[in-house]
Each structure stands twice: as C-alpha cells, then as structure tokens.
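Spelled out, the chains give:
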Amino acid sequence: MPLRPVASPPIITGLRALAAGFLLALCPLALTAQDRPVVEASTEISRAAPAWAFDVSDVPVDQGYTFGQLDNGLRYIIRRNATPEGTALVRMRIGSGSLEERDDERGLAHFLEHMAFNGSTGIPEGEMIKLLEREGLAFGADTNASTGFESITYMLNLPRNDEALLDTALMLMRETASELTIAQGAVERERGVILAERRDRAGFQQRNFEDNVAFLAPGARYGERLPIGTLDVLESAGAEQIRGLYARTYTPANAVLVVVGDYPVEVVEAAIAQHFADWAPAPAPPQPAAGPIDVTRKGLTDIYLDPALAEEVTISRLSAWRDQPDTIANRDAALVERIGYGIINRRLARLARGADAPFRGASFGTGDLFEDARITSLTVRAADGEWKPGMLAAMREINAALAYGFTRAEVDEQLANLRTAYENAVEGAETRSHAVFVGGALALASDERVPATPQWQLAQFERVAATLTPGAAWDAVKADAVPLEDPLIRFEGRTAPVGGEAALRAALAEAMALPIAPPADNGPQTFAYDDFGAPGAIISDMREPRLGLRLIRFANGVRLTLKPTTIREDRIAFTLAVDGGDLMNSAEAPLRVALTDSLALGGLGRHSQDELSSVLAGRSVGFSLSSAADAFTTSGNTTTRDLALQMQVLAALLSDPGYRPEGEERFRKGIENYFATLDATPARALGTALGGILSDNDPRFTLQPKEAFLALDYAGLREAIGDRLTGGAAELALAGDFDEDEAIAAVAATLGALPVREPEFNPREAARNRRFTATRGQRVLTHQGEADQALLRWVWPTTDDRDQAETLRLALLARVVRIALTEKLREELGQAYSPSASASNSRHYRDFGTFSLGVSVDVAQVEAARAAVEDVLSELRAAPPSADLIERARRPLLENYDNALKDLGGWISLAARAQSDPARLDRWFAAPDLIRAATPEDLQAAAARWLAEGAAVEVMVVPAANAD
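Residues numbered from 1 in each chain as written. Predicted model: local features only at pLDDT ≥ 70, side-chain atom pairs only at ≥ 80, totals over all residues. Heavy atoms only, no water.

Labelled according to an unreviewed UniProt entry, the protein chain appears under the name Zinc protease, originating from Erythrobacter sanguineus. UniProt annotates the protein chain under Cofactor (unreviewed entry) with the comment "Zn(2+)". (UniProt positions renumbered as here; feature names shortened; annotations may be inferred.)

Draft legend 1. Representation of the overall build of the protein chain. The number of helices and strands found in the protein chain is 29 helices and 24 strands. The C-alpha radius of gyration computed for the protein chain amounts to 29 Å, which stays within 12% of the reference 30 Å derived for 964 residues, consistent with globular compactness. Reported as C-alpha extents along the three principal axes, the dimensions of the protein chain are approximately 75 × 70 × 60 Å. Expressed as a percentage of the 964 residues in the protein chain, the buried residues total 58%. Restricting the contact set of the protein chain to residue pairs at least 6 apart, pairs at least 24 apart contribute 85%. Looking at the protein chain as shown, the accessible area adds up to about 37100 Å², and 51% of this sits on carbon and sulfur atoms. The protein chain carries 97 positive and 135 negative side-chain charges, and their two centres are separated by 2 Å. (Helix = DSSP H or I, 4+ residues; strand = E, 2+ residues; numbered from the N terminus. Rg over C-alpha atoms; globule rule 2.2 N^0.38 Å. Buried < 20%, exposed > 50% of the residue type's maximum accessible area, 1.4 Å probe, protein only. Contact = heavy atoms within 4.5 Å. Areas by Shrake-Rupley, 256 points an atom, 1.4 Å probe, with all protein chains shown as cover. Lys, Arg positive; Asp, Glu negative; His and termini not counted. Charge placed at Lys NZ, Arg CZ, Asp CG, Glu CD.)

Draft legend 2. Structural detail: the sheet that holds strand β9 (residues 311-319). With mixed pairing, the 5 strands of this open sheet are ordered in space as β8-β12-β9-β11-β10. The open sheet terminates on both sides in strands that have one partner only, identified here as β8 (301-305) and β10 (361-369). Taking each pair of neighbouring strands and ignoring which way they run, the sheet shows an average axis angle of 15 degrees. For β10 and strand β11 (residues 373-382), the ladder comprises 9 bridges, and the chain directions are antiparallel. Bridge assignment links Gly-361 to a residue of β11, and that residue is Arg-381. Against the sheet, helix α6 (residues 204-216) makes contact with β8, β9, β10, β11 and β12 (488-493), and its axis sits at roughly 165 degrees relative to β12, the strand it touches most. (Pairing = 2+ DSSP bridges. Axes fitted to C-alpha atoms, helices over the stretch in contact; angles between N-to-C directions.)

Draft legend 3. Inspection of the packing of aromatic side chains at higher detail. Throughout the structure, instances matching the rule amount to 20 aromatic pairs. Ring centres of Tyr-422 and Phe-461 lie 5.1 Å apart, and the angle between their planes is 35 degrees; on these two criteria the pair is classed as tilted. Placement of the pair is Tyr-422 in helix α12 (residues 408-427) and Phe-461 in helix α14 (residues 454-465), with a sequence separation of 39 residues. The same class applies to Tyr-422 and to Phe-461, which are both buried. One aromatic cluster in this structure is built from Trp-52, Phe-54, Tyr-65, Phe-67 and Phe-437. Residue placement shows Arg-79 over the ring face of Tyr-65; its charged tip is 4.9 Å from the ring centre. If you follow Lys-478 out to its NZ or CZ, it ends over the ring of Trp-474, 3.6 Å from the centre. (Phe/Tyr/Trp six-rings, centres within 6.5 Å; stacked < 30°, edge-to-face > 60°. Lys NZ or Arg CZ within 6 Å of the ring centre and 35° of its normal.)

Draft legend 4. Expanded view of the UniProt feature "domain: Peptidase M16 N-terminal" (unreviewed entry) in the protein chain. Under the present numbering, the feature "domain: Peptidase M16 N-terminal" (unreviewed entry) in UniProt falls on residues 78-200. Regarding residues 78-200, the helix share stands at 39% and the strand share at 18%, and the terminal C-alpha atoms are separated by 37 Å.

Draft legend 5. How the structure looks around the nonpolar core. Ranked by internal contacts, the top residues of the largest apolar core, which has 59 residues, are Phe-527, Leu-560, Leu-732, Leu-734 and Leu-751. Listed in part, the 52 residues of the second largest apolar core include Ala-88, Leu-170, Leu-180 and Val-187. (Core = buried A, V, L, I, M, F, W, Y, C linked by side-chain atoms within 4.5 Å.)

Draft legend 6. Looking closely at the environment of Asp-656. Locating Asp-656 in the fold gives a position in the loop between α18 (643-655) and α19 (661-675). Exposure remark for Asp-656: the relative accessible area of 25% places this residue in the partly exposed category. If near-sequence neighbours (up to four positions away) are discounted, Asp-656 is found in contact with Tyr-529, Leu-604, Gly-605 and Arg-606.

Draft legend 7. Helix α28 (residues 919-933), seen in detail. Across its 15 residues, α28 extends 21 Å between first and last C-alpha, which sits within 8% of the 21 Å expected from 1.5 Å per residue. Along α28, the helix axis deviates most sharply at Ala-926, where the bend reaches about 40 degrees; the proline Pro-928 sits within four residues downstream. Within the sequence span of α28, burial applies to Leu-921, Arg-923, Trp-924, Ala-927, Pro-928 and Ile-931. Contact partners of the buried residues in α28: β13 (538-544), β14 (549-554), α24 (804-828), α26 (883-899) and α27 (904-911). (Expected span 1.5 Å × (residues − 1). Bend = angle between axes of the 7 residues up to and from the residue.)

Draft legend 8. Highlighting the environment of Trp-946. When you line up the elements, Trp-946 lands in helix α29 (residues 936-946). With a relative accessible area of 10%, Trp-946 lands in the buried category.

Draft legend 9. Geometry of the domain arrangement of the protein chain. Assigned domains of the protein chain: these are domain 1 (63-277), domain 2 (301-427 + 449-513), domain 3 (538-767) and domain 4 (777-880 + 935-959). Just the C-alpha atoms count here: the centres of domain 1 and domain 3 sit 41 Å apart. (Domains from an automatic or database assignment.)

Draft legend 10. Focus on the sheet that holds strand β16 (residues 572-579). Here we have 7 strands laid out as an open sheet, ordered β13-β14-β15-β19-β16-β18-β17, and mixed in their pairing. Since the sheet does not close on itself, it has two edges, and those belong to β13 and β17 (626-627), each with one partner. In terms of strand pairing, β13 meets β14 through 6 bridges, oriented antiparallel. Of the residues in β14, the one forming a bridge with Arg-543 is Arg-550. Against the sheet, α18 contacts β16, β18 (631-638) and β19 (730-736), and its axis sits at roughly 15 degrees relative to β16.

Draft legend 11. Here's a closer look at the side chain of Thr-850. Take Thr-850: it is sitting in strand β23 (residues 849-858). Ignoring anything within four residues of it in the chain, the contact list for Thr-850 reads Phe-772, Val-795, Trp-796, Thr-798, Ser-838, Ala-839 and Ser-840.

Okay, structure coming up:
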C-alpha cells in the first residue's frame, strides 16, 4: 500500500546548480575544486548506527550494488549498468526537506534548492545552465531537482559515459553540497522565480489537499510545512536565513550519492572520494516529527466544495503507527496483505466496469502517514449527485469481503498477476534500466528498503504462494485494516450533498445495515479467441539494410515489420496501425470517430472488459485502441512468453469488438466531469478554446457541445469504423527480444489469418486541408482559477513537414527561443517559472504547421511580459543568434538522436509504419546532419519569415474578474 497516501507531491525544478561543474574545462575558477586530493574511501568506518538497512536485515542485498561511506559520513551507492549503454544517472539525496524548516523558514528548503543554481565557490552566477546545455543536457529534461517533505534530491542524466563528464557531474554535486555562495543579490533575483512557481502551482487541487490535511490531522507539522512555503517567508527571507538552513542540513552524514551507469565501479568510487572526501564532517539534524496526529480522531465530517472538483467521498480511520522494518517476515506479511487488498479492489473495479455502475471508481487500502499514524480509507469517485449509491455499493462490497472472505479463484488471479511481474523481472534482469537501479538505491536511502535481486524476490514469492489460502489473505486484511467504525467522512465536489453532513453519516449507517452475501467462486476462465483460421501465407519478405528491419507482407494484406534486439531482454514492444483515424472526421460529422478511444471499455464479443481482467490475469498483454491523425492505433509491451496471446488479443480486437453499453456509460460519465472543468484553470480555458480560434471554428478542430458527446454511442462508432477494423489496411511492428520465426508464426496465426484487407492506407487527401485563421492579433479568454494567474500564448502559422531541413530549423529555433525566454523572463526579470516554445510541422495536413510560445505570469505583469517576449523576438529577427546560444540548443537535440536507439521506444517508433511510410527512415538518417548544418543566419531567416511581428494569434487568459 502507499506509504504516504495524503502527502503532497514533491516540487520539481530545473537543477541549475548542477551546471556549475561543467565550468571545469572552461573557467579557471573551478581549478581549486578540481585539484582536491584523492582520498580513499574508508572500509572500516566507526559509527554508532548501521550505515545501511541491510546491515540489520535478513533480506539479502543485491550484490551488484557497491555501497560505501567516506570518513566524513557521506554514503554512496554505485551500480554499473549498460541499459541504455554509454549513459549514466547521478543523484544526490539530502535527507532533509520541508519538515526540517522552522516557523520562519517555511519554503526555504525549496528556495535553497533554487539557489543551488545561482552561484558557488567555483562557478559564477548565471553560468550553470549554459554549461549544462553545452554538454548536451537539456534544462529540465536531463537536469532537475525535487523538494519533498523529507528530502531534496538533485538529479543529473549523463548522455555520454566519458570520464570527463562524470568528473564534471560529481564536481557540480560537490559544489551543491557545500560551496553555494547564496549571495543576497542572487536571492533577490531568484525570489521572483520562486513566487512565480508558487503562483503557478496554486489552484483547486492545492487548496483541496490543504483542506484534507487540516481535516485529517489538524495541527500536524506536515500540514504547515508544504514544500512550496508561505508568502510571508518567501517574500521576506534573506540570504542569511537560507545559509543557516544550508549549514544545518547539507552535511555529509545527511547525504547519499548515487551513480548508476556505464562506468567501471572503481572509476566512480575514486572520483567520489576525490571530490567529496574534503567535505567537512558534520552530523545530520535530528529527524523532525510530521505530526502530531490524533489517532483517536473519529466521527467527524468535512464537506469541501470547488467548481472544479469531481465528486468523491472518503471514509477513513486512523490508528497508531507500526514500526515494520524491512525483514523477510514483514515482506511475507505485506505480500499476503497485498493479495487481500488486491482482491477487494478488484471487486470494486468490477462494479465500476459493469452496467449501471454505482460509481466511476473506488479504492480501499491501508498506509502510513509518515511515522506518526496509519490510515485505512475507502475512497469512492462518483458522478455528480451520485455519491450516495456509490457509497452504499462500495461499503457493502467492503463489508462482504471482511465478513465472508475470498474465493480460491480470486486469490489465484492475484497470484497470477504478481507471479508474472516477478517472472518478468527475472527474465529481464540483465537489461534493467538505470532508473530501476536508481529507484532501488533511493528506496534504501529514504525508506530503508533493501534492494534484493529479482531472483530472490521470485523465490520468496513462490514460497509464500505455495501455501497461501483464501483464509490467510482474509485474516491478513482484517488484521491490517483499521475498522471503519464511526469513521471520518470527507466529501469533495462541486455541490454539497443534499442534507449536508447528516446525510453523509446517515448514508454510512444505511450502508452498514445493507444485507451482504458470500462471494461466488466462478473458477478460472480461458480466453475465447484462439482460432482465427488457417495461418496467413507470406507473399513478400525482405530486409532493410541500414537498420536491420525485416519487412514482411501476408497474403491478406497485413504488413509486419520486425526488429529483433536484446537491448531489453524478454521485452517486446508492439504497435499496430489500422487505416482510419481523425482524418475520417468531417465538418458535418466532427465526432465521427470520437468514441474510438473508449472502444476497449466495451470489451470483446465473448468477454466484457472486466472478464478480460480475469481471463488475462498473469499475462503481459494490452487491450486498447486510440485514434491518431491517419490511423487507429494500439501499442504496448509484452514478453516472449506472451507474444502469441498478445497477437490473439489484437486479432480479436479487430474482428470482434464488444460494443457493450457499459462502455458507453463510462464514457458519458467522463464527459460530464470534463465539461464541468472547462475553465477551471488558465491552461484548461486555453485548451478548450484554442482549436476553434486557430481554425476559425472548423468543427473538426473545435470543441463540440457537451450534448454532442453525450449523444455518441457504439452503434454510431460501429457504423463509422467497423469496416476499417475488419478490412482496413493494417501494419504491425515488433521490436525486442524474440525469435523471428516464432514471431512470424504468431502473427500468421492471428492477424495474418484474418480476411483479406485493403492493401494500402487511404490517403484521404480531401480531409487533409486545415486552414490557419486569417484573423490575427489578441484574443482574451477568462478562467475561474486563481485571481493572480494569467497565461499568454502566441501562435504563428508555419508549414507542413515536407521540407525536412526547414522543419528541423524550426525545431532548433524553438529551443533557441525557449532558452532566450527563460533567460529574459525567468533569470533577468523573475516574472515566469517555465516559459515554453515549440514548433509543430504537420505530417498530415498540407501546408499546415504552428510555432507557439507560452508563458504563465502574474496578471499584474501581463504587459511587462508581453513587452519582454517581443524584445526577444525582435532580437532574433534583427540579428543572428550567437553561435553559443545555438550550440546550447543543438547539443541536447543531437544527444537525443545519439541515444534514441538504445531502448525499445526508439526502435518501435522507427519500425512503426516503416512499410507504408518508408520515407520516415530516410528522414531519421538525414536529421543529425541537417541539425548540424543549421547556421545562425538560417535561424534568423526562419525567425524573420515565420515569426513576423503582428502575424501571430495572441491569446491572453485572465481571471474572469479581470476580463475588462
């Protein structure tokens, strides 16, 4: 169960401080740090407490990790790994977050994280981001940081594995650890950025969270230490305050360094010692309490209303926290509890998927509130006004489960799903990604959970599963869950329940009195689609020499593209495209294919969606369909063992979709909620209106009325796309760890065995017209969100992507503009947290493309922000950008290309449509040279041509009260 079910998400910001170390090769100021003497890590460290949780646990630690501790107390974790090859991840975790703050420091842990970007002993202020970009690390994507209640984590993703880059990365971590200057001038310059981030994050979700905490744990420290902080502190805090928090919390004993990647362990270990051994030792601060939390709190009710909130009722009880260290016995107990809770949540999911569903979703579980309390909660998400039948149905299901227990079939279904997860982990153990190992390392540091091997975990699972009975799972849940007697009830939504608090508590009493019955044991089910006729014959089979793609065509017209690779062992990515897509919409029928994305909710002809969850339990298969611009698509990942079944599912999806009414019902409930929040935030208001603005209200690209969506049904969808599913051109791509002959046989027996299909995807040329509005200038929209939030968006028309060189120049120009806007609006003026810029040249609509800029600002700074944006654009039109600026934009883009084919995602994106659209392969090979060839003069010319003054549609989204 989740460890912190009500904890606020951490604040993520760009890790500017980490850029500091990249000055090593460019600035002599860094030489003093670079010349630190190498000090060997101590192997015999005297300490009062164990350094790692596995020192006192019987869970065997994965020996592939290297653990160490320097004499000053700094702990480190290293793992050599080559997935993706030639790359690495570096993390530094400081074991104090916002809970550590004093009353006059609320928000300063996060402020301090920002100050890591703003100058250190070895790196001048203002140079850090630039240096990172020159090394190929994109700001935000490859460099980041997060501040939470209990920790701050600095993150750096290295696109190459040369030792100089590792040395630089560790240098910047070292600068962050103790060398930040935190000058008063830098604090003042960063203050506006902090306040902008706080403004952008404010809204109905944040207020709802705060009310929830105040109801659940009034007076608890964690409710008064949200990482974003308080305005009074953020507006007045000075450098001295921030330096005080820095000195108190950034100590070797309070830090863990993690390096996972394609480096020899001894190289990493020596580099860590060289950079960090001279960090002056200091103790970690005492762990602050997150409470107090009154675990006897009960019988209270809270109603919280906001026009943007969907209806939800949560029923909870608190109890004392249990100290459960990571041991084999505790893992065994947690596994049995997990199965029990899984069965209950599976029953709730069945209700949500059925006809006349009483709720949109529900969940039941028990977790920790830090180390201060445990909480058991039932949460019911209902359509507006339907909270009571939802509560009654969910509580009855919970009561029945706790009164009568579980069936053998239910236990077996949960075991099958878990067994598959463990087996998949074993099969893919040798090609686990860096992120998996980093996650294990940080879990050890933060939660004292020992990283064990997949093989050991599977063995432990099988040991428990061998003797697990339904009664044992039932007993485990009853012992773990806090009884929901006289509970806390919290309602959130748009409209108060009729009868208020009394009605909520009366409904609970009614639910507790409902009759219950033991569950029926329906036994196991089998997938009903295993025979699609005679396997298809291959009529064409050839190789694409540059990428090693195998291009096959079956007699029925189905195309198959294969790319065998072992970069991820036992993993296979797939994507299937079928002729159709949004191009089938028209001005007269703009929602013709809108229900496609909800087709899977209707299941298959012989299985409902809920039945498929049981039938396919323990199998790594996916079941979905969506509408892309020119095709209906489904994609996902499977394994070598389940490839044949996945192909059966795909063939069944095309040949026998279920079109069950419960799918329509779930779609309509989602539509009701969607339309209730159209202007809840600036971004929602913009997204609602922008398509219509840019297209002169062309119905295909304009949000249609709610009534039009509610009128959609599967009968109309079947009429629109039924012949596409059964007879439209189809192209399947597989990339991963498979035997080619076995893969071909699996496809031949399924998709290849279906009736003859059209040989080519329909071009639908008449539908490829999309006009950009001729009405330029400013439009004003309003939102119902925070009174100080404004959003500005500029959109220029460009062109389609037929000219690849121009397409890539525009993509590069967008990166240049984003960097320039960040330096102007964020660094210089402190007005915006994260300006955006993007270029989109359509591959589907002729002569259509857009170039967009966006910035969120305080409503009082709208005019100043508009002027600043125009200044940036005027400079780009008037003169070529500097070679350095272009290189900072270009280098991360090239690194992305260099690393794209080091995982399955890159391969499947190339293999998809490789036969029906072979030009995409040529474009892939041409792209790097075209990116390198772009000159400053080229980008100036592109800016002058496409971003002309007065040529954009400018949309300003302001609070409704400020519309005038």
